[in-house]
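# Survey of secondary and tertiary structure
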Amino acid sequence: MTIYEVGPRDGLQNESAVVPVEVKREFVARLAEAGLTTIETTSFVHPKWVPQLADAGELLESLPRVPGVRYPVLVPNEKGLDRALEGNVTDIAIFGSATESFARRNLNRTVESQFEMFAPVVERALAHSLRVRAYVSMCFADPWEGPVAPAQVARVGRRLLDLGCHELSLGDTIGVGTPRHVEDLLDAFAEAGVGPERLAVHFHDTYGQALANTLTALRRGITVVDSSAGGIGGCPYAKSATGNLATEDLVWMLDGLGVETGVDVRSLAATSLWLAGILGRPSPSRVVQALAKEI
Ligand code: HMG
Ligand code: MG
């Protein structure tokens with residue numbers, strides 16, 4: 001099982017206040033101390049589009065790197081890749097959309113033209129020996145278009161993988177999916193020739209289904225799960241999106257199932273409580289709330 005932590009990127013991109021770079025640095029360092037080994041740190045997107053992460057270069061430059069820990073970053077285009085390469089990245093992630101409405105709003109592209117934007121990014125990243133992950137967003141429904149057909153998601157996802165990405169993360173960007181939807185989506189990917197060994201899941205928890213959806217995915221052979229410490233997160237270009245599955249909730253479940261993660265849930269919850277104090281609002285994670293009484 002690999003936990004792919006997205007708190008510093010997906011979480012902090014959605015904060016109304018810009019979090020100082022020193023706080024981000026400490027947040028990432030504490031996540032690594034708690035035992036997380038993949039920490040999506042920031043995004044090299046247009047700083048006007050996501051001002052919260054405009055300090056991406058500065059953050060990466062000054063980040064204390066722990067051996068064995070990977071620090072992937074989001075990169076949408078070649079300009080973003082140029083900036084990321086200056087920061088000595090080893091892992092990047094491109095992020096596509098299954099729907100036209102979100103492609104337009106999040107990337108200023110059509111579904112078709114997003115591939116033209118990503119193709120040279122992946123090609124150049126692979127030439128630099130970087131690992132490239134892909135996301136596909138709006139896997140179950142889209143706020144403007146309603147339900148999204150699993151076959152449509154599988155078509156877009158397959159094309160993103162075929163660019164040369166090692167893994168595809170399935171994003172329930174607005175957190176509306178249920179276990180049945182997860183089953184249907186994984187069936188559609190299997191039909192498109194993509195098995196669980198190339199997939200990760202990325203559930204936002206808007207309707208409280210993220211943990212159930214994750215368990216469904218694990219039972220179908222998925223071994224990479226995205227989550228954010230304290231359950232922070234969302235997408236500034238999809239207003240109905242709330243936080244991701246909380247990493248503490250995931251670790252609590254996996255500990256109970258006897259699945260080894262190497263993550264210390266109490267240390268992680270202490271970090272989320274510290275960050276909640278800085279952000280000025282409580283963590284939505286039930287596990288963080290429960291552990292707060294004993295930390
Ligand atoms: P655009 O306006 O179409 O960009 O934005 P452009 O290519 O036309 O370039 C316009 C200007 O922007 C140029 O400058 C470029 O140099 C500059 P000018 O020549 O006019 O002076 N520019 C950049 N500057 C810095 N860094 C860059 C960059 N790119 C262009 N990377 C773009 C297209 C993709 C850049 C924009 O739409 C963008 O930044 N979008 C990112 C939105 C975002 O970050 N959304 C949140 C992440 S996705 C998410 O949260 C979902 C996920 O969690 C999964 C899930 O939950 O489903 C991953
Ligand atoms: Mg997300």
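Residues numbered from 1 in each chain as written. Chains lettered and ligands numbered in written order. Predicted model: local features only at pLDDT ≥ 70, side-chain atom pairs only at ≥ 80, totals over all residues. Heavy atoms only, no water.

### Considering the overall build of the protein chain
- Counting its regular elements, the protein chain contains 12 helices and 11 strands.
- Since a compact globule built from 295 residues should have a radius of gyration of about 19 Å, the 17 Å found for the protein chain is in line with a globular shape.
- On the principal axes, the C-alpha backbone points of the protein chain span a range of 50 × 40 × 35 Å.
- Looking at the 295 residues of the protein chain, the share that counts as buried comes to 56%.
- For the protein chain, the proportion of contacts with a sequence separation of at least 24, taken over those separated by at least 6, is 74%.
- A distance of 3 Å separates the average location of the 27 positive side-chain charges in the protein chain from that of its 36 negative side-chain charges. (Helix = DSSP H or I, 4+ residues; strand = E, 2+ residues; numbered from the N terminus. Rg over C-alpha atoms; globule rule 2.2 N^0.38 Å. Buried < 20%, exposed > 50% of the residue type's maximum accessible area, 1.4 Å probe, protein only. Contact = heavy atoms within 4.5 Å. Lys, Arg positive; Asp, Glu negative; His and termini not counted. Charge placed at Lys NZ, Arg CZ, Asp CG, Glu CD.)

### Here we look at the sheet that holds strand 5 (residues 91-97)
- If you trace the 9 strands from one edge of the open sheet to the other, you get 2-1-11-10-9-6-5-4-3, paired in parallel fashion. One side of each edge strand has no neighbouring strand; the edge strands of this open sheet are strand 2 (38-39) and strand 3 (42-43).
- Pairing between strand 5 and strand 6 (residues 131-137): 7 bridges, direction parallel. From the neighbouring strand, S97 faces strand 6, where its bridge partner is S137. (Pairing = 2+ DSSP bridges.)

### A look at the side chain of S43
- In this structure, S43 sits in strand 3.
- We classify S43 as buried; its relative accessible area is 2%.
- Setting aside chain neighbours within four positions, we find S43 in contact with R9, L53, A56 and L74.

### Brief notes about the environment of S285
- Structurally, the position occupied by S285 is in the loop between helix 11 (265-279) and helix 12 (286-292).
- Here S285 falls in the buried class, since its relative accessible area comes to 2%.
- Sequence separation between S285 and G243 is 42 residues; the distance between their C-alpha atoms is 9.5 Å.
- Non-local contacts of S285, meaning those with residues more than four positions away in its chain, are made with G230, A246, E248 and D249.
- Within the structure, the side chain of S285 is placed 3.2 Å from the backbone nitrogen of V287, a separation counted as a polar contact. (Polar contact = N/O pair within 3.5 Å; in protein donor to acceptor, adjacent residues only side chain to side chain.)

### Considerations on the site of ligand 1
- Among the 27 residues in the neighbourhood of ligand 1, the closest are listed as H46, N77, N106, S137 and T173.
- One of the side-chain N or O atoms of R83 is found 2.9 Å from a nitrogen atom in ligand 1.
- Burial of ligand 1 by the protein amounts to 76% of the accessible area it has alone, namely 1100 Å².
- Going through the elements one at a time, helix 1 (7-11), helix 4 (78-86), helix 5 (100-107) and strand 6 are the ones with two or more residues in the shell around ligand 1.
- Classifying every residue of the shell around ligand 1 gives 11 nonpolar, 11 polar and 5 charged. (Near = heavy atom within 4 Å. Areas by Shrake-Rupley, 256 points an atom, 1.4 Å probe, with all protein chains shown as cover. Nonpolar A, V, L, I, M, F, W, Y, C, P; charged D, E, K, R; others polar.)

### Digging into the coordination of the magnesium ion (ligand 2)
- Coordination sphere of the magnesium ion (ligand 2), protein contribution only: D10 (OD), H202 (NE2) and H204 (NE2), at 2.1 to 2.2 Å.
- In terms of primary sequence, the donors binding the magnesium ion (ligand 2) are separated according to D-x191-H-x1-H. Taken together, the positions of D10 in helix 1 and H204 in the loop between strand 10 (199-203) and helix 9 (210-219) put the pair 194 residues apart, joining distant regions of the chain.
- Overall, the relative accessible area of 2% leaves D10 in the buried class.
- Overall, the relative accessible area of 3% leaves H204 in the buried class. (Donors = N, O, S within 2.8 Å, 3.2 Å for Na, K, Ca; no water.)

### Focus on the pattern of salt bridges
- This structure, assessed with the given rule, holds 17 salt bridges.
- Where D187 meets R220, a salt bridge forms, and the shortest distance between an N and an O atom there is 2.9 Å. Residue D187 is found in helix 8 (residues 179-191), and its partner R220 is found in the loop between helix 9 and strand 11 (224-227); the two are separated by 33 residues along the sequence.
- For D187, a relative accessible area of 35% corresponds to the partly exposed category.
- Each of R9, D10 and E40 takes part in one network of salt bridges that share partners. (Salt bridge = Lys/Arg side-chain N within 4 Å of Asp/Glu carboxyl O.)

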